[in-house]
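Coordinates in review
As a plain string of letters, each chain reads:
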Amino acid sequence: MEKRRVVVTGLGCVSPVGNSVDETWKSIREGKSGIASITHYDNTPFKVKYAAEVKNFTASDYMDSSAARKMALYSQYAVAAAKMALDDSSLMGKQDILDNTAVYLGVGIGGLEVTENTMKAYFDSEKKRMPPMTIPELIPNEGAGNISMAFGLHGASHTVATACASGTDAIGNALDQIRLGRYDVILAGGAESTQCGYANLGFTMLHALSSKWADDPTKASRPFDKQRDGFIMGEGATILVLEEYEHAKARGAKIYAEVAGYGASSDGYHLTAPNPDGVCGAKCMTIAMKDAQIKPEEVTYYNAHGTSTHLNDSGETKMLHIAFGEAAKKLHISSTKSMTGHCLGNAGALEALVCVKAIQDGYIPATINLDEVDVEGGCDLDYTPNKGIEMSVSVAMSANFGFGGHNGCLVFKKVEG
């Protein structure tokens, strides 16, 4: 049976480097870092003093204020990104389509700041009181639920939780649903906001976060660089409108790119560390390329998971050697986490957007802060250090790897004509 083709017809995002797609992409093209001293909470007690926060976000610009007050921050970001994507796709208000439009949202953790804040009320009241909206705000499915409620979407409303691969897997699952013929349109992406002391300390205890660049946080995220010392907490939301190709053409929709392939695999190895042999991580890449019916040498650009941790960056490089073979040496690679930080459940969705924009604009973003590639540490490919490249991009690919060994990969193609 021939697969139904799926294309991207709308984009929306709230990110550490911009509160719109245009602003975010402009910052990424310019190599602008969104990492700065923490402002969402008092960082005084913590070893880690900086993060990649969303800046100047006002929920009431995108939704009713009373509705926003009943949402965790990740849900507010998700609704805002969904509004932008629907506006961009020209689907806003077309209820005949929205009635059968689904939502697939990747969320790694959910409303962790709600957990932190309401736990204080719980203990201060000797376990007798907490805000009544505590549970509806903190649970991770409420982002997708709030999107469907805000815009009258009556297809399925699903949340995918595969840690840092959540956004990638949400888009991949949405792709499969449209191919199956269950839907013609799905809003797919990711959302996360864990900018609170509870998350800061939690990840610090795992020795996962960068901490030595407090004097100049813009230099802290340095994927594949010798001086990297951990990832930087990011946040935000990204939504892609996925649509069946003929459906999009029939209504005269703007088409950004084709979602051509998806692959997933599991390490089955460790709670937090990737399998050092790289085989299972590479497997999701080879599955995605097979699904997209492309060969490794056809991929122009690979947006790396590239977290700026020693284990990830060397391990991911090994995966690329396995999946691409000799073609790995000619592959254009970059990690935009060098600018956005690691947005957890939103990471894969934001990086999917970067792939789509790379195809649309013919531009490969840089990995900033890559001053000395850690060749001795196993990073021996072309990571596009510090300066982006203007060139035609026909096929772009991104992969993400989450705690628990969750691996996901997406392939995007240029749509000609």
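Let me begin by describing the structure that accompanies this report. Since the model is a prediction, treat every value here as computed from it, not as a measurement. (Residues numbered from 1 in each chain as written. Predicted model: local features only at pLDDT ≥ 70, side-chain atom pairs only at ≥ 80, totals over all residues. Heavy atoms only, no water.)

1. Remarks on the overall build of the protein chain
Assigned secondary structure in the protein chain consists of 14 helices and 14 strands. Rg of the C-alpha trace for the protein chain: 20 Å, near the compact-globule value of 22 Å for 417 residues, within the 12% margin. Considered along the principal axes of its C-alpha atoms, the protein chain spans approximately 60 × 55 × 40 Å. Here the protein chain holds 417 residues, and the buried ones make up 60% of them. Pairs at least 24 apart in sequence give 79% of the contacts found in the protein chain among residues at least 6 apart. When the accessible surface of the protein chain is split by element, carbon and sulfur atoms take 52% of a total near 16,200 Å². (Helix = DSSP H or I, 4+ residues; strand = E, 2+ residues; numbered from the N terminus. Rg over C-alpha atoms; globule rule 2.2 N^0.38 Å. Buried < 20%, exposed > 50% of the residue type's maximum accessible area, 1.4 Å probe, protein only. Contact = heavy atoms within 4.5 Å. Areas by Shrake-Rupley, 256 points an atom, 1.4 Å probe, with all protein chains shown as cover.)

2. A few points about helix H12 (residues 310-324)
A rise of 1.5 Å per residue sets the reference length of H12, with its 15 residues, at 21 Å; its end C-alpha atoms lie 21 Å apart and thus fit the reference within 8%. Taken together, the buried positions of H12 are occupied by Asn-312, Asp-313, Gly-315, Glu-316, Thr-317, Met-319, Leu-320, Ala-323 and Phe-324. Buried-residue contacts for H12 involve helix H11 (279-292), strand S9 (301-303), strand S10 (332-334) and strand S13 (395-402). Just downstream of H12 lies Gly-325, where phi reads positive at about 60°. (Expected span 1.5 Å × (residues − 1).)

3. Considerations on the sheet that holds S13
In spatial order, the strands read S5-S4-S6-S7-S1-S8-S14-S13-S9-S10; together these 10 strands make up an open sheet with mixed pairing. What marks the edges here is a single partner per strand, and that holds for strand S5 (157-160) and S10. On average, each strand axis in the sheet is inclined to that of its neighbour by 25°, with strand direction left out of account. Looking at chain direction, S9 and S10 are connected through three bridges and run parallel. By the bridge assignment, Tyr-301 is partnered in S10 with His-332. Against the sheet, helix H7 (residues 142-151) contacts strand S4 (102-106), S5, strand S6 (185-192) and strand S7 (236-244), and its axis sits at roughly 150° relative to S4. (Pairing = 2+ DSSP bridges. Axes fitted to C-alpha atoms, helices over the stretch in contact; angles between N-to-C directions.)

4. Brief notes about empty space enclosed by the protein
Using the criterion set out here, one finds one cavity of 30 Å³ or more in the structure. As a volume, the largest cavity reaches approximately 60 Å³. Every residue lining the largest cavity is counted, 14 residues in all, and those nearest its centre are Val-48, Tyr-50, Ala-51, Leu-209 and Met-233. Residues of the lining of the largest cavity, tallied by class, amount to 10 nonpolar, four polar and no charged. (1 Å grid on protein atoms, 1.4 Å probe; cavity = no way out; pocket = protein on both sides within 12 Å on 5 of 7 lines; lining within 4 Å. Points joined across faces, edges and corners; volume = space filled by probe spheres on them. Nonpolar A, V, L, I, M, F, W, Y, C, P; charged D, E, K, R; others polar.)

5. Section: the packing of aromatic side chains
Under the criterion given, the structure shown has eight aromatic pairs. Between Phe-203 and Phe-231, the ring centres sit 5.5 Å apart and the planes meet at 75°, which makes this aromatic pair edge-to-face. Within this pair, whereas Phe-203 is found in helix H9 (residues 197-205), its partner Phe-231 is found in the loop between H9 and S7, the two being separated by 28 residues in sequence. When the ring of Phe-224 is compared with that of Tyr-383, the centres are 3.9 Å apart and the planes differ by 10°; the resulting orientation is stacked. With Phe-224 in the loop between H9 and S7 and Tyr-383 in the loop between strand S11 (363-364) and strand S12 (389-390), this residue pair connects regions lying 159 residues apart in the sequence. The burial state of Phe-224 is the same as that of Tyr-383; both residues are buried. Every member of this aromatic cluster is reached through a ring pair, and the members are Phe-57, Tyr-62 and Tyr-77. Over the aromatic face of Tyr-245 sits the side chain of Arg-5, whose NZ or CZ is 4.2 Å from the ring centroid. Of note, Arg-29 hangs over the ring of Tyr-363, and the distance from its end group to the ring centre comes to 4.0 Å. (Phe/Tyr/Trp six-rings, centres within 6.5 Å; stacked < 30°, edge-to-face > 60°. Lys NZ or Arg CZ within 6 Å of the ring centre and 35° of its normal.)

6. Observations concerning the pairing of strand S1 (residues 6-14)
Judged by how many residues are buried, S1 sits mostly within the fold: nine of nine residues are covered. Two strands pair when backbone bridges link them, and S1 and S7 are joined in this way by eight bridges, in the antiparallel orientation. Of the residues in S7, the one forming a bridge with Gly-12 is Ile-239. Where S1 lies against strand S8 (residues 257-266), two bridges are found, and the strand directions are antiparallel. In the strand pairing of S8, Val-8 is matched with Ala-257.

7. So, the layout of surface pockets
By volume, the largest pocket is sized at about 690 Å³. In terms of lining residues, the largest pocket is bounded by 37 residues, among which Ala-208, Phe-231, Thr-272, Thr-309 and Phe-403 are the most central. Going through the elements one at a time, H9, H12, S13 and strand S14 (406-413) are the ones with two or more residues in the lining of the largest pocket. Counting residues per element, the lining of the largest pocket draws most heavily on H12, which supplies five residues. Grouping the constituent residues of the lining of the largest pocket by class yields 17 nonpolar, 16 polar and four charged. Taken as a whole, the second largest pocket encloses approximately 190 Å³ of empty space. Around the second largest pocket sit Lys-3, Arg-4, Arg-5, Val-6, Arg-179, Glu-258, Val-259, Ala-260, Asp-291, Ala-292, Gln-293 and Lys-413, which together line it. Only S8 and H11 provide two or more residues apiece to the lining of the second largest pocket.

8. Examining the pairing of S14
Burial runs high along S14: six of the eight residues are buried. Bridging between S8 and S14 involves eight bridges; their strand directions are antiparallel. Across the sheet, Gly-263 pairs through a bridge with Cys-409, a residue of S14. Turn length for the S13-S14 hairpin, with the two strands adjacent in sequence and antiparallel, is three residues, and the turn residue Gly-404 shows positive phi of about 90°.

9. Examining the packing of H11 against H12
Across the interface, H11 lies against H12 with an axial gap of 8 Å and an inter-helix angle of 45°. In terms of orientation, H11 and H12 fall into the oblique class. The two elements H11 and H12 cross, and the hand of that crossing is right-handed. Of the residues in H12, those in contact with Val-279, Gly-281, Ala-282, Met-285, Thr-286 and Met-289 of H11 are Met-319, Leu-320, Ile-322, Ala-323 and Phe-324. (Parallel < 35°, antiparallel > 145°, perpendicular 65-115°, else oblique. Left-handed = near helix turned anticlockwise from the far one by under 90°.)

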